[in-house]
Amino acid sequence: MTEAAAPSPCVDICRLDAQGLCVGCRRTIDEIAEWPHANEARRREILLGLERRTLAASAQDPALTARD
């Protein structure tokens, strides 16, 4: 059984914040540019980094994890 392809984290809110992170998906501009050409392993690394980034941000401001 093969693992499903890593889904794009894009949520169509494409704007960078003061830290250089997309306010929609929390990727850097480099990660966004790399995504279409990245292999599955690299895409999963990016997703893991996003998870860590989101957890770190939510520890500082819990409202950052609310998306509705």
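Residues numbered from 1 in each chain as written. Predicted model: local features only at pLDDT ≥ 70, side-chain atom pairs only at ≥ 80, totals over all residues. Heavy atoms only, no water.

**Student:** Is there a simple way to explain the overall build of the protein chain in this structure?
**Tutor:** Along the backbone of the protein chain there are two helices and zero strands. Buried residues in the protein chain amount to 24% of all 68 residues. A separation of at least 24 residues holds for 42% of the contacts in the protein chain among residues at least 6 apart in sequence. When the accessible surface of the protein chain is split by element, carbon and sulfur atoms take 55% of a total near 5000 Å². (Helix = DSSP H or I, 4+ residues; strand = E, 2+ residues; numbered from the N terminus. Buried < 20%, exposed > 50% of the residue type's maximum accessible area, 1.4 Å probe, protein only. Contact = heavy atoms within 4.5 Å. Areas by Shrake-Rupley, 256 points an atom, 1.4 Å probe, with all protein chains shown as cover.)

**Student:** Is there a simple way to explain unusual backbone geometry in this structure?
**Tutor:** Apart from glycine, the bulk of residues carry a negative phi angle, and the bulk of peptide bonds sit in the trans form. Positive phi, close to 60°, is recorded for Asp12, a residue that is not glycine. Here Asp12 is to be found in the segment before helix 1 (29–34). Non-glycine residue Arg26 carries a positive phi angle of around 70°. For Arg26, the position within the fold is in the segment before helix 1.

**Student:** Any chance you could explain the environment of Ala5 here in plain terms?
**Tutor:** If you trace the backbone, Ala5 turns up in the segment before helix 1. The exposed category is assigned to Ala5, whose relative accessible area is 56%. Here the alpha-carbon distance between Ala5 and Arg43, two residues 38 residues apart in the chain, equals 9.0 Å. Those residues within four positions of Ala5 in sequence are excluded, and the remaining contacts are Glu40 and Arg44.

**Student:** What is the right way to read the pattern of salt bridges from this model?
**Tutor:** Opposite charge on two side chains permits them to pair, given that their charged atoms come into close proximity. Under the criterion given, the structure shown has five salt bridges. One salt bridge in this structure joins Asp17 and Arg26, with 3.8 Å as the shortest N-O distance. A salt bridge links Glu34 to Arg42; the shortest N-O distance between them is 2.8 Å. Accessibility expressed as a relative area gives 28% for Glu34, which makes it partly exposed. Relative accessible area serves as the criterion here: at 26%, Arg42 is assigned to the partly exposed category. Several salt bridges share partner residues, and in doing so they unite Glu34, Arg42 and Glu45 into one network. (Salt bridge = Lys/Arg side-chain N within 4 Å of Asp/Glu carboxyl O.)

Purely geometric stuff here, so don't read any function into it on its own.
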